[in-house]
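Examination of the molecular architecture
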Amino acid sequence: MQLIFATNNAHKLEEVRAIVPAGLEILSLSDVQFTEELPETSGTIRGNALQKAETFYKRTGRNCFSDDTGLEVLCLNAAPGVDTAHYSGSRDALANNEKLIHEMASCEDRSARFITVIACVIDGVSYCFEGEVKGRIGLSIEGSGGFGYDPLFIPEGYNDSFAVLPASVKHAISHRSRAVELFSTWLSDKTSK
Ligand code: IMP
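Residues numbered from 1 in each chain as written. Predicted model: local features only at pLDDT ≥ 70, side-chain atom pairs only at ≥ 80, totals over all residues. Heavy atoms only, no water.

**Let's talk about the overall build of the protein**
Assigned secondary structure in the protein consists of five helices and seven strands. Put simply, the protein runs from its N terminus to its C terminus through helices and strands in the order β-α-β-α-β-β-α-β-β-β-α-α. Here the protein has a C-alpha radius of gyration of 17 Å; the compact-globule value for 193 residues is 16 Å, and the two agree. Along the first, second and third principal axes, the C-alpha set of the protein runs to 50 × 30 × 25 Å. Burial statistics for the protein: of 193 residues in total, 46% are counted as buried. Of all intrachain contacts in the protein linking residues separated by at least 6 positions in sequence, the fraction that spans at least 24 positions is 53%. A total accessible area of about 9500 Å² is found for the protein, and carbon and sulfur atoms account for 48% of it. Averaging the locations of the 18 positively and 26 negatively charged side chains of the protein gives two centres separated by 5 Å. (Helix = DSSP H or I, 4+ residues; strand = E, 2+ residues; numbered from the N terminus. Rg over C-alpha atoms; globule rule 2.2 N^0.38 Å. Buried < 20%, exposed > 50% of the residue type's maximum accessible area, 1.4 Å probe, protein only. Contact = heavy atoms within 4.5 Å. Areas by Shrake-Rupley, 256 points an atom, 1.4 Å probe, with all protein chains shown as cover. Lys, Arg positive; Asp, Glu negative; His and termini not counted. Charge placed at Lys NZ, Arg CZ, Asp CG, Glu CD.)

**Let's talk about the nonpolar core**
Core analysis: the largest hydrophobic core is formed by 18 residues, its most contacted members being Leu-71, Val-73, Leu-76, Leu-100, Met-104, Ile-137 and Phe-153. Of all the elements in the fold, those that place two or more residues in this core are strand E3 (64–73), strand E5 (111–122), strand E6 (125–137) and helix H4 (167–173). Discounting residues that sit within four places of it in the chain, Met-104 has contacts with Val-73, Cys-75, Leu-76, Arg-110 and Ile-137. (Core = buried A, V, L, I, M, F, W, Y, C linked by side-chain atoms within 4.5 Å.)

**A closer look at the side chain of Lys-52**
Tracing the backbone shows Lys-52 in helix H2 (residues 45–60). Lys-52 sits in the buried class, given a relative accessible area of 8%. Of the polar contacts made by the side chain of Lys-52, one reaches the side chain of Asp-68; its length is 3.1 Å. Ignoring sequence-local partners within four residues, the contact set of Lys-52 consists of Leu-38, Pro-39, Glu-40, Ser-66, Asp-67 and Asp-68. (Polar contact = N/O pair within 3.5 Å; in protein donor to acceptor, adjacent residues only side chain to side chain.)

**Re the state of the cysteines**
Summed over the entire model, instances satisfying the criterion amount to one disulfide. Covalently, Cys-75 is tied to Cys-107 through a disulfide, its sulfur atoms 1.9 Å apart. Taking the torsion about the S-S bond as the criterion, the Cys-75 to Cys-107 disulfide, at about 75°, is right-handed. Of this pair, Cys-75 sits in the loop between E3 and strand E4 (79–80) while Cys-107 sits in the loop between helix H3 (93–103) and E5; the two residues are 32 residues apart in sequence, bridging distant segments of the chain. Given a relative accessible area of 31%, Cys-75 falls into the partly exposed group. A disulfide-free cysteine, Cys-64 has its sulfur positioned 7.9 Å from the sulfur of Cys-120, the nearest such atom. (Disulfide = S-S within 2.5 Å.)

**Here we look at the side chain of Thr-69**
Within the secondary structure, Thr-69 sits in strand E3. In terms of polar contacts, Thr-69 uses its side chain to reach the side chain of Thr-116, at 2.9 Å. Among the polar contacts made by the side chain of Thr-69, one reaches the side chain of Arg-176 at a distance of 3.4 Å. For Thr-69, the residues in contact, after removing those within four places along its chain, are Ile-45, Thr-84, Phe-114, Ile-115, Thr-116, His-175 and Arg-176.

**A closer look at the environment of Asn-63**
In this structure, Asn-63 sits in the loop between H2 and E3. For the pair Asn-63 and Leu-3, spaced 60 residues apart in the sequence, the C-alpha separation amounts to 6.4 Å. Every residue in contact with Asn-63, bar those within four places of it in the chain, is listed here: Leu-3, Ile-4, Tyr-57, Val-121, Ile-122 and Asp-123.

**Examining the site of the ligand**
Neighbouring residues of the ligand: 14 residues in total, closest Lys-12, Thr-69, Asp-150, Lys-170 and Arg-176. Between Tyr-149 and the ligand, the recorded distance is 3.1 Å, taken from a backbone N or O atom to a nitrogen atom. In the environment of the ligand, a nitrogen atom lies 2.6 Å from a nitrogen or oxygen atom belonging to the side chain of Arg-176. When the ligand is considered free in solution it has 480 Å² of accessible area, and contact with the protein chains removes 92% of it. (Near = heavy atom within 4 Å.)

Interpretation in functional terms is not warranted from these geometric data alone.
This is the structure in structure tokens:
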């Protein structure tokens, strides 16, 4: 079975392909020559995931899914949240990490969580699956693996950031893998009926 993941983010594709069950082929937007920008203007993480998947489905009529992720930091009242991707005013990961360190200069409680919402549209009907990983924000950038805020995010139960931990650890416990697991289980169930 083939399903289109409405993204061109190579890191996300790699992570999702490593998690979904064998037999499910994941295609990216560039694999299907889709070049339009998908909107993310709803104001919530769940709304943005739905908006991307539903826009792609309306344009192409093809079953698909998308994801949207947010980092929520307790002492910043759940910021950056829906602004996670453009927190510093750009998509640059280093600038976003540096802004987060700066904003948290006086935070004693560094608790945070990542949440991912996967929205899929199958035959015109939309469904959502949500995964989270709890952790804390480190005092400085650490490691070169992963992407985005991985050098700052230390998952609960570990002392190193996602950018230091092996990819296999991130794949096993991350917000995205938890959402993908729920989605995959639901898909397996649906396709076996
Ligand atoms: P989006 O899902 O592409 O909108 O992601 C929003 C922001 O979260 C981007 O800045 C990503 O770099 C960041 N992000 C998404 N997933 C992860 C992750 O697994 N680790 C670290 N940062 C992430």
